[in-house]
Amino acid sequence: MTFFMVTTRFPPDKANGVGKIFSSGKLAELPPFVKRISIFIVTEGDIKTYAIYECEDEKAHEGYKAIAERYTGYYELEGWKHKIEHLLTPNEALPMIGLG
(Lines give C-alpha, C1' and ligand atoms only; values in the text may rest on other atoms or scores of the structure.)
Protein backbone atom coordinates (compact mmCIF):
# COMPACT_ATOMS: atom_id res chain seq x y z
CA MET A 1 0.00 0.00 0.00
CA THR A 2 1.00 3.60 -0.60
CA PHE A 3 0.32 6.23 2.03
CA PHE A 4 -0.07 9.98 1.65
CA MET A 5 -0.26 12.63 4.36
CA VAL A 6 -1.90 15.96 3.64
CA THR A 7 -0.96 18.76 6.01
CA THR A 8 -3.13 21.88 5.91
CA ARG A 9 -2.91 25.24 7.63
CA PHE A 10 -5.45 28.01 7.78
CA PRO A 11 -6.26 30.99 10.03
CA PRO A 12 -8.74 30.34 12.86
CA ASP A 13 -11.19 32.86 11.40
CA LYS A 14 -11.50 30.61 8.32
CA ALA A 15 -12.46 27.48 10.31
CA ASN A 16 -16.17 28.01 9.71
CA GLY A 17 -15.55 28.28 5.97
CA VAL A 18 -13.45 25.10 6.00
CA GLY A 19 -16.22 23.25 7.83
CA LYS A 20 -18.83 24.47 5.34
CA ILE A 21 -16.74 23.37 2.34
CA PHE A 22 -15.93 20.01 3.98
CA SER A 23 -19.60 19.23 4.61
CA SER A 24 -21.00 20.81 1.42
CA GLY A 25 -20.69 17.73 -0.77
CA LYS A 26 -19.01 19.90 -3.43
CA LEU A 27 -15.48 18.55 -2.96
CA ALA A 28 -14.22 16.11 -5.57
CA GLU A 29 -15.00 12.54 -4.55
CA LEU A 30 -12.12 10.18 -3.92
CA PRO A 31 -12.03 7.06 -6.07
CA PRO A 32 -12.73 3.72 -4.35
CA PHE A 33 -9.03 2.78 -4.34
CA VAL A 34 -8.17 5.79 -2.11
CA LYS A 35 -9.18 5.41 1.53
CA ARG A 36 -8.99 8.18 4.12
CA ILE A 37 -7.56 6.58 7.24
CA SER A 38 -7.93 9.49 9.65
CA ILE A 39 -7.87 13.26 10.09
CA PHE A 40 -6.21 14.94 13.07
CA ILE A 41 -6.60 18.60 14.04
CA VAL A 42 -4.14 20.74 15.99
CA THR A 43 -4.62 24.33 17.11
CA GLU A 44 -1.38 26.27 17.41
CA GLY A 45 -2.09 29.82 16.29
CA ASP A 46 -3.24 28.70 12.87
CA ILE A 47 -5.36 25.56 12.66
CA LYS A 48 -3.39 22.64 11.32
CA THR A 49 -4.75 19.32 10.09
CA TYR A 50 -3.12 16.04 9.18
CA ALA A 51 -5.02 13.63 6.96
CA ILE A 52 -3.69 10.16 6.19
CA TYR A 53 -4.76 8.38 2.99
CA GLU A 54 -4.07 4.84 1.81
CA CYS A 55 -3.96 3.84 -1.84
CA GLU A 56 -3.20 0.73 -3.86
CA ASP A 57 0.46 0.83 -4.98
CA GLU A 58 -0.31 0.41 -8.66
CA LYS A 59 -2.69 3.38 -8.53
CA ALA A 60 -0.50 5.72 -6.46
CA HIS A 61 -0.17 8.37 -9.18
CA GLU A 62 -3.91 8.45 -9.82
CA GLY A 63 -4.51 8.50 -6.06
CA TYR A 64 -2.20 11.47 -5.60
CA LYS A 65 -4.00 13.36 -8.37
CA ALA A 66 -7.42 12.58 -6.85
CA ILE A 67 -6.33 13.79 -3.41
CA ALA A 68 -4.85 16.98 -4.93
CA GLU A 69 -8.06 17.64 -6.85
CA ARG A 70 -10.14 17.25 -3.69
CA TYR A 71 -8.04 19.80 -1.81
CA THR A 72 -8.31 22.42 -4.56
CA GLY A 73 -11.89 22.89 -3.36
CA TYR A 74 -10.49 24.94 -0.48
CA TYR A 75 -8.50 27.40 -2.58
CA GLU A 76 -11.20 30.06 -2.27
CA LEU A 77 -10.31 30.52 1.40
CA GLU A 78 -7.74 33.23 2.03
CA GLY A 79 -4.77 31.87 3.98
CA TRP A 80 -5.42 28.22 3.02
CA LYS A 81 -2.26 26.13 2.50
CA HIS A 82 -1.79 22.43 2.01
CA LYS A 83 1.01 20.00 1.24
CA ILE A 84 0.73 16.37 0.09
CA GLU A 85 3.54 14.02 1.09
CA HIS A 86 4.19 10.44 0.04
CA LEU A 87 5.01 8.46 3.18
CA LEU A 88 7.38 5.51 3.36
CA THR A 89 7.42 2.69 5.87
CA PRO A 90 10.77 1.97 7.56
CA ASN A 91 11.23 -1.09 5.32
CA GLU A 92 10.61 1.01 2.21
CA ALA A 93 13.07 3.68 3.38
CA LEU A 94 15.97 1.37 4.32
CA PRO A 95 17.23 0.98 0.74
CA MET A 96 17.58 4.78 0.54
CA ILE A 97 20.38 4.55 3.10
CA GLY A 98 21.90 1.37 1.70
CA LEU A 99 20.37 -1.03 4.22
CA GLY A 100 17.78 -2.83 2.17
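Look up a bit, the structure's there.
Given the structure is predicted, the values throughout are model-derived calculations rather than measurements. (Residues numbered from 1 in each chain as written. Predicted model: local features only at pLDDT ≥ 70, side-chain atom pairs only at ≥ 80, totals over all residues. Heavy atoms only, no water.)

**A look at the pairing of strand S3 (residues 46–55)**
Of all 10 residues making up S3, 8 are buried, and the element is well covered by its neighbours. Bridge analysis of strand S1 (residues 2–10) against S3 gives 9 bridges, and the strand direction is antiparallel. By the bridge assignment for S3, Arg 9 is matched with Lys 48. With 10 bridges connecting them, strand S2 (residues 34–44) and S3 associate as antiparallel partners. Considered in S3, the bridge of Val 42 is made with Lys 48. (Buried < 20%, exposed > 50% of the residue type's maximum accessible area, 1.4 Å probe, protein only. Helix = DSSP H or I, 4+ residues; strand = E, 2+ residues; numbered from the N terminus. Pairing = 2+ DSSP bridges.)

**Some points on helix H2 (residues 60–71)**
If you check H2, its first and last C-alpha atoms are 17 Å apart, about what 12 residues at 1.5 Å a residue would give, namely 16 Å. Considered for burial, the residues of H2 that qualify are Ala 60, Gly 63, Ala 66, Ile 67, Arg 70 and Tyr 71. Seen from one end, H2 has its buried residues packed into an arc of 135°, which puts them on one side. Exposed residues pointing more than 90 degrees away from the buried face of H2 are listed as His 61 and Glu 69. Contacts made by the buried residues of H2 are with S1, helix H1 (15–23), S2, S3 and strand S4 (81–87). (Expected span 1.5 Å × (residues − 1). Arc of directions from axis to C-beta. Contact = heavy atoms within 4.5 Å.)

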